Structures are given as structure tokens and as C-alpha cells.
Amino acid sequence: MAHKPRKRFSLLMLAYGERYLEDRAVILEPAPPLSDRRLKGRLKVATWSLTFEPDDPEAPLMRIMLRDCDGPPQPHSFEEDGVEAAGTADADGLSLAPRLVLHKRSAHQPFASLSRAPGERLAFALLHAPLRPLLALVGALHGATQLPEPLGEERLRSIGAGERAPAFDLTALVDPLEEHAPPVDVTRISPMMLTPATLVLSDSQLYLHSDAAAAASAAAVSHWPLAHLRRAVRRRHLMRHTALELRFSPAERSAEASDPLLLLPGAGIESTLVSFSSHAAREAFLQALAAAREKLGLPPLPPPPEARLPEMVQRWRHGLLSNYEYLCHLNDAAGRSCADLAQYPVMPWVLQDY
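Residues numbered from 1 in each chain as written. Predicted model: local features only at pLDDT ≥ 70, side-chain atom pairs only at ≥ 80, totals over all residues. Heavy atoms only, no water.

Digging into the pattern of salt bridges
Next up, step 1: Taken as a whole and assessed by the stated rule, the structure comprises 17 salt bridges.
Next up, step 2: Across the pair Lys44 and Asp23 runs a salt bridge whose closest N-O atoms are separated by 3.2 Å. In this pair, Lys44 is assigned in strand 2 (residues 39-46) and Asp23 in strand 1 (residues 20-28), connecting sequence segments 21 residues apart. Exposure class is identical for Lys44 and Asp23. Each is buried.
Next up, step 3: A salt bridge links Lys44 to Glu53; its shortest N-O distance comes to 4.0 Å. (Salt bridge = Lys/Arg side-chain N within 4 Å of Asp/Glu carboxyl O. Helix = DSSP H or I, 4+ residues; strand = E, 2+ residues; numbered from the N terminus. Buried < 20%, exposed > 50% of the residue type's maximum accessible area, 1.4 Å probe, protein only.)

Thoughts on a nonpolar patch on the surface
Next up, step 1: Together, Leu12, Met192, Leu341 and Tyr344 give the surface a local cluster of nonpolar side chains, amounting to about 380 Å² of exposed area.
Next up, step 2: Within the secondary structure layout, Leu341 lies in the segment after helix 6 (323-333). (Patch = residues over 30% accessible without salt bridge, like charges linked within 9 Å, V, L, I, M, F, W, Y side chains within 5 Å. Areas by Shrake-Rupley, 256 points an atom, 1.4 Å probe, with all protein chains shown as cover.)

Regarding the pairing of strand 15 (residues 240-248)
Next up, step 1: Strand 15 sits mainly inside the fold: 7 of its 9 residues count as buried.
Next up, step 2: As defined by bridge partners, strand 14 (residues 229-237) adjoins strand 15 across 7 bridges and the pair is classed as antiparallel. Opposite His237, over in strand 15, you have Arg240 as the bridge partner.
Next up, step 3: Where strand 14 folds back on strand 15, the antiparallel hairpin that results is connected by 2 residues, among which Leu238 adopts a positive phi of roughly 55°.
Next up, step 4: Where strand 15 and strand 16 (residues 270-275) come together, 6 bridges link them in antiparallel fashion. Bridged to Leu244 within strand 16 is Val274. (Pairing = 2+ DSSP bridges.)

Digging into the confidence of the model for the protein
Next up, step 1: A residue-level look at the protein finds 83% of positions with pLDDT of 70 or above and a mean pLDDT of 82.
Next up, step 2: By mean pLDDT, the top-scoring element of the protein is helix 4 (residues 279-295) (95), and the lowest-scoring one is helix 3 (residues 254-257) (50).
Next up, step 3: Within the model, pLDDT remains below 50 along residues 80-90, and this stretch shows 19 contacts once partners closer than five positions in the same chain are excluded.
Next up, step 4: Contacts of residues 213-219 to residues separated by more than four positions or lying in other chains number 12 contacts, the stretch itself having pLDDT below 50. (pLDDT = per-residue confidence, 0-100. Contact = heavy atoms within 4.5 Å.)

Description of helix 6
Next up, step 1: What helix 6 keeps buried is the set Tyr326, Cys328, His329, Asn331, Asp332 and Ala333.
Next up, step 2: The inward-facing, buried residues of helix 6 abut strand 14 and helix 5 (309-317).
Next up, step 3: Gly335 occupies a position one or two residues after helix 6 and carries a positive phi of about 85°.

Observations regarding the nonpolar core
Next up, step 1: If you look at the biggest cluster of nonpolar residues, it comprises 30 residues, and the most contacted ones within it are Phe52, Leu96, Phe124 and Leu141.
Next up, step 2: Contributions of two or more residues to this core are made by strand 1, strand 2, strand 3 (49-54), strand 4 (61-65), strand 6 (93-96), strand 9 (122-126), helix 1 (131-145) and helix 2 (149-161).
Next up, step 3: Ranked by the residues each element gives to this core, the list is headed by helix 1, at 7 residues.
Next up, step 4: Once residues lying within four places of it in the same chain are set aside, the contact partners of Leu96 are Leu50, Leu66, Cys69, Pro73, Glu120, Arg121, Leu122, Phe124 and Val138.
Next up, step 5: Counting residues in each nonpolar core, the second largest holds 19 residues, with Val186, Leu206, Phe276 and Leu289 among its members. (Core = buried A, V, L, I, M, F, W, Y, C linked by side-chain atoms within 4.5 Å.)

Next up, the structure:
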């Protein structure tokens with residue numbers, strides 16, 4: 001029995017802050033020295049790059065940075081070799097002229113770079129999909145990468161806004177009769193990865209639908225009972241006050257789940273960090289969350305960690321807290337989290353014992 005080849009593409013291959021948008025089934029035309037034959041595979045579209053993952057595990061995985069392409073993508077016809085279509089009506093694929101192609105054969109190897117001659121193009125034939133939407137999307141992304149950084153990033157954000165969040169599947173509700181608020185588009189933050197997601201608050205559960213299609217796996221829906229929520233702490237993301245860290249645990253572990261000393265979730269304790277589109281969106285969700293818990297008769301959530309800082313200082317001064325425990329409290333009060341590399345906890349390195 002033939003085994004299906006393991007997928008080599010991962011969201012970890014994207015640059016930090018780069019957003020995955022979609023993928024398409026394609027055939028890559030021969031592109032020596034990378035390949036001397038046609039290769040069938042998937043073309044992964046992200047805001048800064050295109051990644052081609054061939055079905056053949058022996059063929060190299062290729063990544064093209066859109067900023068390194070000479071000009072926007074062009075419609076391409078594969079009916080006659082070497083003849084490009086005059087317009088999209090006659091074309092069944094697209095081509096680009098990258099000055100540099102990153103490639104590797106194993107998921108565990110680093111990318112190697114290959115320079116290409118000016119005007120030398122890579123051509124992809126689309127399978128089972130119209131060309132015009134993909135050509136427009138890649139063209140818009142290429143144009144945005146050529147702009148100065150602040151303007152280009154704003155353009156990329158607007159391009160990806162309509163593509164980024166997965167639609168919430170109502171069949172994932174624990175109780176088909178439970179009432180729920182409208183879905184909220186968020187970004188799930190984890191080390192080295194930003195994942196588009198949808199947050200749904202119902203009258204008894206909290207759902208998080210992450211778009212994991214780029215990781216070659218089915219989109220997953222996580223859910224937690226509101227009674228298991230122990231902390232909801234405001235955080236920053238990319239220096240904007242838009243993030244929220246949520247910590248869940250069963251009732252028997254409630255004290256541990258609200259303890260900032262557990263920087264990394266342990267057995268039975270789950271933590272997730274999400275970023276909203278704006279500060280107002282985060283505050284509106286927090287208000288709805290508090291109202292839903294109150295309706296269930298649940299106690300209020302603990303105050304923000306900075307409110308306990310004077311108490312922690314006194315406990316540390318009197319030897320009731322170790323240096324490590326005190327530093328954990330300081331990091332927690334400063335808004336740091338292990339889920340975000342930009343706000344990772346800081347621990348001093350003691351060079352000498354005085």
C-alpha cells in the first residue's frame with residue numbers, strides 16, 4: 001500500500017508577521033536546474049511570498065519572495081511552449097521572473113538560494129481554478145511589496161483583510177441550541193507563528209477556530225467552557241494594545257491556572273493569546289465576556305496582574321517569594337507572555353555571585 005507523502009510546507013517557513021492567504025493546485029513548467037520536468041503540486045500564497053510544494057517528495061520545495069520579482073505576474077498559456085497569452089482570456093496559468101529562488105528538499109534543511117538570469121521566468125499552470133482572481137491577488141501583493149515599508153505594510157494588511165479569517169463552522173457548537181455572539185476575527189499568536197482565527201462567544205462556551213490549512217491539516221476548532229476561564233489579561237502585540245491572553249483549567253486547578261508563575265501551560269492548563277483588529281474590539285469582547293460569565297452566575301475574573309504588584313514587592317522583600325517567583329510576577333505585570341516572542345519574559349543573567 002502506497003503511503004501518502006508527508007507535507008513539507010509549514011507556517012513556520014513564513015517570515016514573522018507574514019500572513020498566509022490561500023493555496024492552489026498547479027503544475028510547474030520545467031525550470032532547470034531546479035527541475036527538468038513538469039511538477040504537480042500546491043502553490044501557497046502569502047502576503048510576502050509564494051511557496052511551491054511539489055507532490056513528488058524528491059523534488060525541491062521552492063519559495064519566491066515577491067519583492068525579488070522583476071515586474072508583476074503575467075498570464076501565461078501552456079498550449080504552445082514558449083508562447084505567452086496576450087490576455088487572461090487565453091491563459092491558463094501565470095508566470096513570474098524572480099531574481100532569486102529559495103529551495104530545499106527536506107523540511108528539516110535550511111533554504112538554499114539560486115540566482116536566476118534576468119527575464120528568466122517560472123510558469124505555473126492552474127488546475128481546477130480560474131486564473132483571474134489569483135492573478136489579481138498576486139499582482140496586488142507584488143505591488144505592495146515594492147512600496148516603502150509603512151505604506152506597503154498598510155496595503156498588504158488591506159489586501160489580506162478579506163482573506164485572512166476562516167468562517168466559523170456552526171456544527172462545531174457543543175450544543176446546537178446555544179446562543180452565540182457574531183464571530184470576531186482575531187490573530188492567534190504563538191512563538192514564530194501568527195495564525196488567522198475566528199473567536200466566537202456563546203452563552204456557555206468560548207470557541208476559537210484557527211485557519212490551519214497552510215500547515216497541511218484540517219482547520220481545528222478549540223472550545224472551552226466559560227466556567228473554566230481563570231484569567232483574561234490585556235496584552236500588547238506589536239506595540240499595540242489589542243491583545244488578550246486567556247487561561248483555562250478545570251475547577252480543581254483554578255488556583256494554579258491564575259498563577260503567573262506558570263509561564264508555560266502545564267498539564268490540564270491551557271493558555272492562548274489572540275490579537276484583535278483594534279483596542280475598541282478587544283474592550284468590547286471583554287465586556288461581552290464579563291456579561292456572559294455574570295449571566296451564568298460565575299465570579300468575576302481576577303484583577304489585572306499589575307494591581308497585585310505592591311503586594312508582591314512586600315512578599316519578596318520579606319522573603320516570602322524567591323527571586324524567580326518575583327521576576328515572574330514582574331514579567332506578568334509588564335504584559336509579557338511566552339506566546340509572543342516580541343513580548344517574551346526577561347530574566348537577568350547573573351554573571352557573578354556577590
